[in-house]
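This is what each chain is made of:
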Amino acid sequence: MSGQSPLPAARAQELRDQLNYHNHRYYTLDSPEILDSEYDALFRELQGLEQNYPELKRDDSPTRRVGGEILSAFESVDHETPMASLDNAFSYSEMEGFERRVRERGEIEHIEYVIEPKLDGLALNLLYIDGVLVRGATRGDGQTGEDVTSNIRTIPTIPFRLHGDNLPDRLEVRGEVFISIDDFKRLNQSQSVAGEKLFANPRNAAAGSLRQLDSSITAKRPLSFISYGIGIQQGGEKAESYQQLIEQLSSWGIPISTESQVVSGLDGCAEVYADLLSRREVLPYEIDGVVFKVNSFQLQQKLGSTSRAPRWAIAWKFPAEEATTELLSIDLQVGRTGALTPVARLAPVDVGGVTVSNATLHNEDEVQRKDVRVGDTVVVRRAGDVIPEVVRTIPDKRPHYTEIWKMPNSCPVCGSEVLREEDKSVARCSGGLFCPAQRKEAIWHFASRKGLDIEGLGGKLIDQLVDEKIIATAADLFSINSEQLSSLQRMGDKSADNLVGSLSKSRKTTLPRLLFALGIPEVGEATARSIAIHFGDLEPIMQATIDDLQVVDDVGPVVAHNIFTFFRQDHNRKVIESLLRSGVVWETIIPQERLPQPLLGESYVITGTLRNMKRSEAKERLQAMGAKVTGSVSKKTTALICGEDPGSKKVKAETLGIQVLDEEGLQSLLRS
Ligand code: IVH
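Position numbers for residues start from 1 in each chain and track the written sequence from start to end. At least 70 in pLDDT is required for a residue's local features to be given in this predicted model, at least 80 for side-chain atom pairs to be given and counted, and no such filter applies to totals for whole chains, interfaces and linings, which use all residues. Hydrogens and waters are ignored; side-chain quantities use all the structure's heavy atoms.

### Description of the packing of helix H22 (residues 615-624) against helix H24 (residues 663-671)
To obtain each axis, a line is fitted to C-alpha atoms, and for helices this fit is confined to the stretch in contact; angles are then taken between N-to-C directions over 0 to 180 degrees. Strands here mean DSSP runs of E at least two residues long; helices mean DSSP runs of H or I at least four residues long; both are numbered from the N terminus. It is the contact of H22 with H24, at a shortest axis distance of 10 Å, that shows an interaxial angle of 35°. Of the two possible hands of crossing, H22 and H24 adopt the one that is left-handed. Facing H22, whose interface residues are Ala618, Arg621 and Leu622, H24 presents Leu666, Leu669 and Leu670. Looking at the contact of H22 with H24, its residues break down into five nonpolar, no polar and one charged. If you view the pair so one helix is near and one far, a crossing is left-handed when the near helix is turned anticlockwise from the far one by less than a right angle, and right-handed when it is turned clockwise. Contact between two residues is taken to exist if any of their heavy atoms lie within 4.5 Å; hydrogens are not considered. Amino acids outside the nonpolar list (Ala, Val, Leu, Ile, Met, Phe, Trp, Tyr, Cys, Pro) and the charged list (Asp, Glu, Lys, Arg) are all regarded as polar, and Gly is one of them.

### Points about the UniProt feature "active site" (unreviewed entry) in the protein
The feature "active site" (unreviewed entry), as given by UniProt, occupies Lys118 in the numbering adopted here. Once residues within four sequence positions are removed from consideration, Lys118 is found in contact with Leu86, Glu286, Ile287, Asp288, Gly289, Val290, Val291, Ala315 and Lys317. UniProt positions are given in the numbering used here, feature names are shortened, and annotations may be inferred rather than shown by experiment.

### Topic: the site of the ligand
We call a residue near a molecule or strand when any one of its heavy atoms sits within 4 Å of it. Lining the immediate surroundings of the ligand are 13 residues, of which Glu116, Lys118, Glu176, Tyr228 and Lys293 lie closest. Here Glu116 contributes a side-chain N or O atom positioned 2.8 Å from a nitrogen atom of the ligand. Tyr228 is positioned with one of its side-chain polar atoms (N or O) 3.1 Å from an oxygen atom of the ligand. Only the protein chains shown count as covering a residue, and every accessible area follows the Shrake-Rupley method with a 1.4 Å probe. When the ligand is considered free in solution it has 530 Å² of accessible area, and contact with the protein chains removes 86% of it. Elements represented by at least two residues in the shell around the ligand include exactly strand E3 (112-119) and strand E10 (287-294). Take the shell around the ligand: its biggest share by element is four residues, from E3. Taken together, the residues of the shell around the ligand sort by class into eight nonpolar, one polar and four charged. Here a polar contact means two N or O atoms within 3.5 Å. Within protein one must be a hydrogen donor candidate and the other an acceptor candidate, and residues neighboring in sequence count only if both atoms are side-chain atoms.

### Concerning the environment of Met95
In this structure, Met95 sits in helix H3 (residues 92-106). If we ignore the near neighbours within four places in the chain, the residues touching Met95 are Ala89, Leu266, Cys269, Phe292, Ile314 and Trp316.

### Here we look at the UniProt feature "binding site: Zn(2+)" (unreviewed entry) in the protein
UniProt annotation of "binding site: Zn(2+)" (unreviewed entry) refers to Cys411, Cys414 and Cys435 when read in the numbering used here. For this annotated set, covering 25 residues, all C-alpha atoms fall within 8.6 Å of each other, a compact arrangement in space. Turning to its location among the elements, Cys411 is positioned in the loop between strand E16 (386-393) and strand E17 (418-420). Only protein chains enter the calculation, and the probe is 1.4 Å; a residue is then buried if its accessible area is under 20% of its type maximum, exposed if over 50%, and partly exposed in between. Residue Cys411 is classed as buried on the basis of its relative accessible area of 4%. Cys411 has contacts with Val334, Ser416, Val418, Cys429 and Cys435, leaving out every residue within four places of it along the chain. By the secondary structure assignment, Cys414 is in the loop between E16 and E17. Judged by its relative accessible area of 18%, Cys414 is buried. Apart from residues lying up to four places away in sequence, Cys414 is in contact with Cys429, Gly431, Phe434, Cys435 and Pro436.

### Quick word on the sheet that holds strand E22 (residues 628-630)
Taken in spatial order, the four strands line up as E22-E21-E23-E24 in an open sheet, and their pairing is parallel. Edge strands, defined here as strands with exactly one partner in the open sheet, are E22 and strand E24 (659-661). Strand-to-strand, the axes of this sheet are offset by a mean angle of 30°, without reference to chain direction. Pairing geometry for strand E21 (residues 603-607) and strand E23 (residues 639-642), over four bridges, is parallel. The residue of E23 that forms the bridge with Val605 is Leu640. Packed onto the sheet, H22 meets E21, E22 and E23 and runs at close to 170° relative to E21. Sheet contacts for H24: E21, E23 and E24; angle to E24, the most-contacted strand, approximately 90°. We treat two strands as partners when DSSP finds at least two bridges between them.

### A short note on the packing of aromatic side chains
Think of it this way: a Phe, Tyr or Trp ring, Trp meaning its six-membered ring, pairs with another when their centres are within 6.5 Å, and the plane angle makes it stacked under 30 degrees, edge-to-face over 60, tilted otherwise. One pass over the full model with this rule turns up nine aromatic pairs. Ring plane angle 25° and centroid distance 6.3 Å describe the contact between Tyr39 and Phe43, whose orientation is recorded as stacked. Placement of the pair is Tyr39 and Phe43 together in helix H2 (residues 36-52), with a separation of four residues, close to one helical turn. For Phe43, a relative accessible area of 14% puts it in the buried group. An aromatic cluster is built from Tyr92, Tyr273, Phe292, Trp316 and Phe318, whose rings are joined through pairwise contacts. Geometry around Phe160 places Arg153 over its ring, the cationic atom sitting 5.3 Å from the centre. It is Arg568 that lies over the ring of Phe564; its NZ or CZ is 3.9 Å from the centre. Two conditions define a charge located above a ring, namely a distance within 6 Å from the ring centre to NZ of Lys or CZ of Arg, and an angle within 35 degrees of the ring normal.

### Remarks on helix H1 (residues 8-28)
An expected span of 1.5 Å times one less than the residue number is assigned to each helix. If you check H1, its first and last C-alpha atoms are 29 Å apart, about what 21 residues at 1.5 Å a residue would give, namely 30 Å. Tucked inside the fold, the buried residues of H1 contact H2.

Structure (structure tokens):
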């Protein structure tokens, strides 16, 4: 070794390759190999090189993902082959009709279909020439779309360069751009904190984000992409079936649906439709139906297309998620930090199979923007596990007596003044822990599943305990006795004993849980975990300065300030002292650098009932060893950990040939 550093051009190429590789592992395979901080260091090194040597800048450089180009308008792009649409089926009998036509026109009895969720986003057409991404366009009218290349370059799952040999010379990759439900919630939360307009739903948020003239705004939006087919393909290996095609796309580095599977005949289609409909609420993204595609390309060709849509595919739509109903009143809900949320009380209405009688109106500005008034007929929407919301009113149905809604000046629960910071959309009750509503919310958060996980302590019981003045803070929970509980309405001796038992069990907790449970503004589960792992114990966190706190990966200036302020408030310190006196304990954590992480890069799913530990504990212990623990089985899952009475996940793991571990297997994995 000469000890000389490599030439800038060679190093830049090395960095580009490494960053593209790790990007793919992180976003598409969900299986990172390096720490975020290591990724950032490589990224900054490349940024530095490109700044010092502008000639080293490349279109496929990962630094291009931060955006920056500002356009005055989008240019039009002609797709190389038109982007068709899909026909819809709204009932079993319409689906039956489709399936019969396929069999009759195709002249075969048994047909294989590939199924995919129908993602509710926007269609995108990507053009790769010699494996390099050169253009991205919206669908437009199917013939001509808008050139959104600089925006789609900021989407981390879209590869700049395809991997593998024998790539096509020219390839159009088609798929859906969308925002996952968790990302959508986070995005709206930060819109709200920044006093910006909220997005009505993930689809609108995705559309608004993709059609930004300033790509650095798009770069900040959590867009995802999943491919469902191709347009033109010149050169390269040609697939013979849809299943082969998506496997090939995946091997080139293009994300495809992890839910995709091959089924046979109408019965197979109906089964997956029912399965996805039942799981609709727990999927990480919104879907509005299931797409069925004839698997064989030869048969697809024989069936052909109409001018609008292929005859070999159909979208079997789910029941609508919007309905209209009457708005009976607007109440205010007081959150843990005093935020006042207007909530619509509605005449109960069925929305996509669920009865809805409450819906959020988000905040004062939203009520005013939509001009929602008591007495209006309103459109209500629910989707995924997003809280139902009032989308708009129907002006023609407005009765003559309605009045414009206004935020009151005092808190409806404690009467304290309502304050609204300048430039913020949130109005807050200024009562702090004097306000019983805030106290109840704080206790509920403390006891919640991600907090101290106190089984049997629900919202109604907390209401009673606070109203009867048995408790005032979370710390008081641990001095409640069975007699006090039995004196409450609707509380039998057995439930009282059970609750005392679960309170005593919850005393033994973990530092991340405790930190989350304290309810520091904007410290969620993941942030609490990062802080706990970084500092190891509560005392150093309480002593930490704002600068110390910002060293933690997840922690920016706002969160650091919230944590610092929280621990300097007398009433919070008192609650902590009282928790310690009541015997709340946790193990100190060995800082991460010193901990072996033997399961780094591995991904597990846990299902069924475990006999010897809670699933949440198993999850935490696997995470502490570096593993990822996810909610659904995919090809990327290392193993499924299977307790008693497993559901469909076990079948799926077996179908995909993924290792299944029983509880003993889990124990030995944890011992490893
Ligand atoms: S296939 C020729 N597959 O639905 C077939 N589309 O209503 C073209 N969509 O424009 C589309 N998920 O934006 C297909 N798995 C999926 C899909 C899907 C969502 C969207 C797509 C399309 C629209 C048609």
